[in-house]
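# Coordinate analysis (summary)
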Amino acid sequence: MDHERKLKICLVLAVICSPVLGAEWTADVVKSIDALVGSCVVLPCTVSHPGTYLSTSRLRGIWHRKDKWNENFYHEDSTKILDSFKGRTKLLGNLGQNNCTLEIVQVKDHDNGPFCFRVELVRKDNNEPTKEKFSFVEKCADIKMIHDVPKLKLGPIKTANPGKPYTLTCSVHHTCPSHRPQIKWSRENKDDEITEVHKPIHSGIWEAESILSFVPEEKDDESELICTATFNGGMKSEEKFTLNVKRIENYNHIIIPAVAVAATAVIFGLFCVLMVKKYKRCYRNESGAL
């Protein structure tokens with residue numbers, strides 16, 4: 001009986017200690033992502049471990065080169081960060097919530113990786129690292145540098161009806177949700193309604209969208225609408241659209257003359273009828289006198 005009790009105690013201790021002593025830590029990092037040079041990029045990352053919850057104070061996140069673990073892109077101790085990355089990287093995620101997402105601002109051409117994540121367990125009393133360190137070099141992120149700002153998408157483009165609501169959407173894909181592009185319209189009247197939507201697409205790709213709703217007038221026909229997206233760092237992308245508003249046909253130039261002609265014909269007809277009646281009356285009078 002004592003032997004069974006000891007076995008149960010050992011199993012319980014094994015479960016309690018597994019978060020620290022276990023080697024079943026895993027990380028999921030975006031494999032490849034585009035980054036606009038001069039702007040910013042966010043590398044999505046999640047880390048998981050077996051066992052119970054570990055607070056952020058017990059964890060230290062580090063991003064480093066795949067083949068050189070001492071060359072750090074990010075470290076909570078800024079003196080341990082590569083000079084070319086100092087002041088440009090930030091851990092967005094909360095490690096206690098399994099989020100190890102990295103942000104890089106002012107992206108440069110030489111910001112090539114691969115970027116690999118490492119987590120260390122630290123002591124509560126002095127914040128010194130323990131021997132428990134997990135580096136996930138089999139799952140690292142590569143960044144593809146792009147120099148041209150992403151193209152905007154306009155839609156749906158259709159003919160507007162005067163006096164009726166018209167909706168136009170302007171959207172763009174990007175990879176920096178922490179500093180998303182700001183979308184503006186050349187037309188922003190007080191009665192116009194603008195709705196902004198920001199949503200993830202897939203694998204670190206996000207979409208910023210602006211929806212413009214307004215009631216067009218005939219004077220808006222052939223007016224130019226411009227949608228401009230300003231990215232972090234100041235780069236801009238724009239798309240132009242010529243608004244086509246249906247014209248309300250004015251038939252007054254046909255109706256008014258037709259009515260005038262008809263009225264003239266009626267009046268002339270009545271005049272003729274009266275003249276005929278008068279002529280017949282005069283003729284009867286003359287015939288009676290004879």
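Keep in mind that what you see is a predicted model, and the values were worked out from it rather than measured. (Residues numbered from 1 in each chain as written. Predicted model: local features only at pLDDT ≥ 70, side-chain atom pairs only at ≥ 80, totals over all residues. Heavy atoms only, no water.)

## Thoughts on the sheet that holds strand S10 (residues 129-135)
Here 4 strands make up an open sheet; going across it, the order is S6-S5-S9-S10 and the pairing antiparallel. At either end of the open sheet lies a strand with only one pairing partner, and these are strand S6 (72-74) and S10. Across this sheet, the average inter-strand angle for adjacent strands is 35 degrees, counted without regard to direction. With 7 bridges joining them, strand S5 (residues 59-65) and strand S9 (residues 115-122) adopt antiparallel strand pairing. Across the sheet, residue His 64 finds its bridge partner in S9, namely Cys 116. (Pairing = 2+ DSSP bridges. Helix = DSSP H or I, 4+ residues; strand = E, 2+ residues; numbered from the N terminus. Axes fitted to C-alpha atoms, helices over the stretch in contact; angles between N-to-C directions.)

## Some points on the pattern of salt bridges
The full count for this structure, using the stated rule, is 12 salt bridges. Of the charged contacts in the structure, one is a salt bridge between Glu 71 and Arg 65, with a shortest N-O distance of 2.7 Å. Where Glu 207 meets Lys 199, a salt bridge forms, and the shortest distance between an N and an O atom there is 3.6 Å. Classification of Glu 207 by relative accessible area gives buried; the value is 12%. Salt bridges here are not isolated pairs; linked through shared partners, they connect Arg 60, Glu 76, Arg 118 and Glu 120. (Salt bridge = Lys/Arg side-chain N within 4 Å of Asp/Glu carboxyl O. Buried < 20%, exposed > 50% of the residue type's maximum accessible area, 1.4 Å probe, protein only.)

## Regarding the state of the cysteines
Evaluation of the coordinates by the stated rule reveals 4 disulfides. In this model Cys 40 forms its disulfide with Cys 176; the gap between the sulfur atoms is 1.9 Å. On the sign convention where negative means left-handed, the S-S torsion of about -110 degrees between Cys 40 and Cys 176 marks this disulfide as left-handed. With Cys 40 in the loop between strand S2 (32-36) and strand S3 (41-43) and Cys 176 in the loop between strand S13 (166-174) and strand S14 (182-185), this residue pair connects regions lying 136 residues apart in the sequence. Linked covalently through their sulfurs, Cys 45 and Cys 100 form a disulfide whose S-S length is 1.8 Å. Taking the torsion about the sulfur-sulfur bond, which here is approximately -75 degrees, the covalent link between Cys 45 and Cys 100 counts as left-handed. Of this pair, Cys 45 sits in strand S4 (residues 45-48) while Cys 100 sits in the loop between strand S7 (89-91) and strand S8 (102-104), and the two are 55 residues apart along the sequence. For the pair Cys 45 and Cys 100, one class covers both residues: buried. (Disulfide = S-S within 2.5 Å.)

## Considerations on the sheet that holds S3
The strands making up a sheet are joined through hydrogen bonds of the backbone, oriented either antiparallel or parallel. Taken together, the 3 strands give an open sheet; going across it, the order is S3-S8-S7, and neighbouring strands pair in antiparallel fashion. Only two strands of the sheet have a single neighbouring strand rather than two, namely S3 and S7. Taking the axes of each pair of neighbouring strands and ignoring which way they run, one obtains an average angle of 20 degrees across the sheet. Relative to S8, S3 is paired through 3 bridges, and the arrangement is antiparallel. For Leu 43, the partnering residue across the bridge sits in S8 and is Leu 102.

## Considerations on the pairing of strand S15 (residues 193-202)
Looking at chain direction, S15 and strand S16 (residues 205-214) are connected through 9 bridges and run antiparallel. Residue pairing for S16: His 202 is matched across the bridge by Ile 205. Linking S15 to S16, which pair antiparallel, is a turn of 2 residues; within it Ser 203 sits at a positive phi near 45 degrees.

## Examining the packing of aromatic side chains
Taken as a whole and assessed by the stated rule, the structure comprises 7 aromatic pairs. Consider the rings of Phe 85 and Phe 115, whose centres lie 6.1 Å apart with planes at 75 degrees: the pair is edge-to-face. Here Phe 85, found in the loop between S6 and S7, pairs with Phe 115, found in strand S9; they are 30 residues apart in sequence, far enough to count as distant. Of the two residues, Phe 85 and Phe 115, neither departs from the other in class, the shared state being buried. For the ring pair Tyr 166 and Phe 214, a centre distance of 5.7 Å and an interplane angle of 65 degrees mean the geometry is edge-to-face. In this pair, Tyr 166 is assigned in strand S13 and Phe 214 in strand S16, connecting sequence segments 48 residues apart. (Phe/Tyr/Trp six-rings, centres within 6.5 Å; stacked < 30°, edge-to-face > 60°.)

## Considerations on the pairing of S5
Burial of S5 is extensive: 7 of the 7 residues sit out of reach of the surface. Pairing of S5 with S6 involves 2 bridges; the strand directions are antiparallel. The residue of S6 that forms the bridge with His 64 is Asn 72. Hairpin remark: S5 followed by S6, antiparallel, with 6 residues in the connecting loop.

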